[in-house]
Amino acid sequence: MICLSTILVRSRPFISYKNYVAFFSTQRKRKVVLGLETSCDETGAAVVTEDGEVLGEGLRSQKNIHVRNGGVIPPLAQALHRECIHDVVQKALDQSHLDIKDVSAIATTTMPGLALCLMVGLEYTKQLIAKTNLPFIPVHHMQAHALTVRLINRVDFPFLVLLVSGGHCLLAVARGVDDFLLLGQTLDNAPGEAFDKVARRLKLQHHPHCQGLSGGQSIEKLATEGSIRLLMGKGTSLPKSRSCDFSFSGTMSLAHWLIGVHENHQGITKDGGKHLDNLPDICASVQHKITHHLCTRVIRAINFCNQTGLIPESNQTLVASGGVASNSYIRNALETTCSALDYQLICPPPRLCTDNGIMIAWSGMERLKLGIGISNNPQDVRFEPRYPIGEDISSNVVKSNIKVKAIKFW
Ligand code: KG4
Ligand code: ZN
């Protein structure tokens, strides 16, 4: 009887038996990346294979603590990351039935994010690398949000991407794993921040139907029964700018004004225990205003991409991700907008829209497969609290002076 290794060695006479065994085992062994996320208020770790299988995950959210404090307090967030990072990583490895030395590389968010939080993930990674000598792939948090979709769906480059979260809001063209063109971004607040601040002003953290929910989730939940009319025709965001930039500070001020007016009418004090009796209408109106602004920018971005040929006709896809993209009202509005313009909308499942370790592991894997972005000197890698997603071409958008006609999604 001829054994398998003999056949293999015979069929490839120029490779020694020893090298062939090594070759054969690497062919069978799938690449796996351990990803670590600590850029804001989630401590996440995951082990993902080259074909997109999630072997294990650990995730610890600080959201409830920050909701109680009225926002993320960086030193507290840092302490909470430090407290659990080891357990979170260990959980991801245990679920994968892997030891740290079995993974092919470690990928960690190093930009952008809160300095004190990024520091925790990076320091922990450097310790792991000092022990194991594994390759290190630093990951851009927003690029990772944009690439997550490719773990689940077949989405080829280039595609348009809208990233909406508690700290960011941007529109970009993803041309490759590490090749992005920025069309526009928020000039002040992020939409998640607007949701969170309005939710806090409405005291939703004490509302019986909103326990354990983020500000955005609370507003979405209460808005389902409400009317969108309270803010219609009131205020405009960046009226003169034909850009893909965003602004949410006007909507936040309008919302605060509206809440004050209704509190006066209903004899409710800002700091008292009572809630407004028309919370659903206020939530629906604020949610609509934010959604409307996002959609007008998406329409302009699609027109710009059509004009410039940045996205070929064969691949007209908008990917929407980030925590706010898990909102169903926003998803439906984007869906209506996209289909009117012959674009398809693809969103990762809500669970992968918010911060997690899977998206970082997958982003690292995309790089590992291409052999790019692997650090030569892991111990010298620094975190970058602010770092652009790619080349900024937002001034080209303004120059093209595209007038947008709103598409009715409501
Ligand atoms: O992506 P993410 O988990 O963290 C950041 O990178 O910011 O996003 C968190 C943000 C929070 O502001 C939260 O209120 C918002 O996403 N969010 C939502 C929803 N779920 C989370 N906003 C609107 N509707 C939702 N369903
Ligand atoms: Zn995020």
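The following refers to the structure shown. (Residues numbered from 1 in each chain as written. Chains lettered and ligands numbered in written order. Predicted model: local features only at pLDDT ≥ 70, side-chain atom pairs only at ≥ 80, totals over all residues. Heavy atoms only, no water.)

### With respect to the nonpolar core
- In terms of nonpolar packing, the biggest core is built from 61 residues, with Leu 160, Leu 171, Leu 183, Leu 202, Leu 204, Leu 318 and Leu 334 touching the most fellow members.
- The element that contributes the greatest number of residues to this core is helix H11 (residues 279-308), accounting for 13 residues.
- Not counting residues up to four positions away in its chain, the partners in contact with Leu 204 are Ala 199, Cys 210, Ser 218, Ile 219, Leu 222, His 275, Leu 279 and Cys 283.
- One finds Leu 34, Cys 84, Leu 134 and Phe 136 within the second-largest nonpolar core, a separate group that totals 22 residues. (Core = buried A, V, L, I, M, F, W, Y, C linked by side-chain atoms within 4.5 Å. Buried < 20%, exposed > 50% of the residue type's maximum accessible area, 1.4 Å probe, protein only. Helix = DSSP H or I, 4+ residues; strand = E, 2+ residues; numbered from the N terminus. Contact = heavy atoms within 4.5 Å.)

### A word on the site of ligand 1
- Near ligand 1 there are 22 residues, and of these Gly 166, Asp 196, Gly 216, Glu 220 and Gly 323 occur at the shortest range.
- At 2.7 Å from an oxygen atom of ligand 1 is found a main-chain nitrogen or oxygen belonging to Gly 166.
- With respect to ligand 1, the side chain of Ser 214 contributes an N or O atom lying 3.5 Å from an oxygen atom.
- Protein burial of ligand 1: of its 550 Å² of free accessible surface, 95% is covered by the chains.
- If you list the elements that add at least two residues to the shell around ligand 1, you get helix H6 (141-147), helix H8 (191-201) and helix H9 (215-223).
- In terms of residue count, H9 provides more of the shell around ligand 1 than any other element does, four residues in total.
- Partitioned by chemical class, the residues of the shell around ligand 1 number three nonpolar, 15 polar and four charged. (Near = heavy atom within 4 Å. Polar contact = N/O pair within 3.5 Å; in protein donor to acceptor, adjacent residues only side chain to side chain. Areas by Shrake-Rupley, 256 points an atom, 1.4 Å probe, with all protein chains shown as cover. Nonpolar A, V, L, I, M, F, W, Y, C, P; charged D, E, K, R; others polar.)

### Quick notes on the coordination of the zinc ion (ligand 2)
- On the protein side, the zinc ion (ligand 2) has His 141 (NE2), His 145 (NE2) and Asp 355 (OD) as donor atoms, found 2.1 to 2.2 Å from it.
- Geometry at the zinc ion (ligand 2) is irregular, judged from the four donor atoms that bind it and their angles of 92 to 152° at the metal.
- Summarised as a motif, the one-chain spacing of the donors to the zinc ion (ligand 2) is H-x3-H-x209-D. Pair noted here: His 141 is in helix H6 and Asp 355 is in the loop between helix H13 (350-353) and helix H14 (357-370), with a separation of 214 residues, a long-range link. (Donors = N, O, S within 2.8 Å, 3.2 Å for Na, K, Ca; no water. Tetrahedral: all angles 85-135°; square planar, octahedral: opposite > 155°, others 65-115°.)

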